[in-house]
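# Structure at a glance
If you want the building blocks of each chain, they are given just below.
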Amino acid sequence: MPNIADSKVLIISTDGFEQSELEFPRDQLRSKGAEVHVATLDGKSIKGWEGSDWGREAEAQLKIADADPTQYDALVIPGGQINPDLLRVEEPVIALVRAFAKQGKVIAAVCHAPWVLIEADIVAGREMTAYPSIRTDLKNAGARVVDQSVVADSGIVTSRNPDDLKDFVSKIVEEIEEGRHNQKAA
């Protein structure tokens, strides 16, 4: 069985990520021994959003377009309104998400980040949750939407908001340790 301490996790993001939704999973997964990389559109540091203003920067290790999904066990996408809205129109992002799904890797999205999963066409038939304002988007894309702190369906992990981050990270660890997931066809 895979162990979290032997795993590699990729977080993809751009400016405007919800501060805690990138930092908490990154730091918690690292504290459990996982190797965690942050990939951005240009491979440079990005700035978070906290409360009603810009927050702290997050350092990047690589460009999203250069990320090799075969080298990672899981993909994490932080939310906020800005980050996933910008990511979902970038072809390298959508291609990466689809590659993770095709390989049965864990994909975790919190808050508004399921927008990216909708764009990648991998939500139909899955049980999922998200921030209340995008639940209709998930439903319209064919997901079965529930209001729970965290939901996992065939390796796809979703949560609603920063209050759910502890449950979100616990479920990511659990899903990684379960190993490869047979993804449902979209």
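Use the structure listed above.
First, a word on scope: everything that follows refers to the structure included in this document.

Rules of the game
- For every chain, the first residue of its written sequence is number 1, and the numbers climb from 1 along that sequence.
- For this predicted model, a pLDDT threshold of at least 70 governs which residues receive local features, and a threshold of 80 or more governs which side-chain atom pairs are given and counted, while totals over whole chains, interfaces and linings are taken from all residues.
- Calculated side-chain values reflect all of the structure's heavy atoms, with hydrogen atoms and water omitted.
- Relative accessible area decides the class of each residue, using a 1.4 Å probe on protein chains only: under 20% of the type maximum gives buried, over 50% gives exposed, and in between gives partly exposed.
- Helical segments are the DSSP runs of H or I of at least four residues, strand segments are the runs of E of at least two, and each set is numbered from the N terminus.
- Strand pairing follows a simple DSSP-based rule, namely that at least 2 bridges must link the two strands.
- A helix's residues, less one, multiplied by 1.5 Å, set its expected span.
- By definition in these notes, contact holds between two residues if any of their heavy atoms fall within 4.5 Å.
- A 1.4 Å probe that fits but cannot get out identifies a cavity on a 1 Å grid over protein atoms alone, an open set with protein on both sides within 12 Å along at least five of seven lines counts as a pocket, and a residue lines either if it has an atom within 4 Å of a point.
- Grid points are joined across faces, edges and corners, and a volume is the space filled by probe spheres set on the points.
- Gly is put with the polar residues, along with every residue not named as nonpolar or charged; the nonpolar set is Ala, Val, Leu, Ile, Met, Phe, Trp, Tyr, Cys and Pro, and the charged set is Asp, Glu, Lys and Arg.

### As for the pairing of strand β1 (residues 8–12)
- Judged by how many residues are buried, β1 sits mostly within the fold: four of five residues are covered.
- Sheet topology places β1 next to strand β3 (residues 35–40); five bridges connect them, and they run parallel. Across the sheet, Val9 pairs through a bridge with Val36, a residue of β3.
- Alignment of β1 against strand β7 (residues 74–77), held across three bridges, turns out to be parallel.

### With respect to helix α3 (residues 91–102)
- Compared with an ideal rise of 1.5 Å per residue, which puts twelve residues at 16 Å, α3 spans 16 Å between its outermost C-alpha atoms and is within 8% of the ideal.
- On the buried face of α3, the contacting elements are β1, β7, α2 (82–87), β8 (106–110) and α4 (114–119).
- Following α3 by one or two positions, Gly104 has its phi on the positive side, about 70°.

### Quick look at unusual backbone geometry
- A positive phi angle is found at Cys111, which is not glycine, with a value near 70°.
- Counting through the fold element by element, Cys111 comes out in the loop between β8 and α4.
- For Cys111, a relative accessible area of 5% translates into the label buried.
- Positioned with a positive phi, Ser154 is a non-glycine residue whose angle comes to about 55°.
- Looking at the element boundaries, Ser154 is found in the loop between β11 (150–153) and β12 (156–159).

### Topic: the layout of surface pockets
- Approximately 160 Å³ is the volume found for the largest pocket.
- Taken together, Gly16, Glu18, Glu21, Trp49, Gly80, Gln81, Ile82, Cys111, His112, Tyr131 and Pro162 form the lining of the largest pocket.
- Grouping the amino acids of the lining of the largest pocket by side-chain chemistry returns five nonpolar, four polar and two charged.

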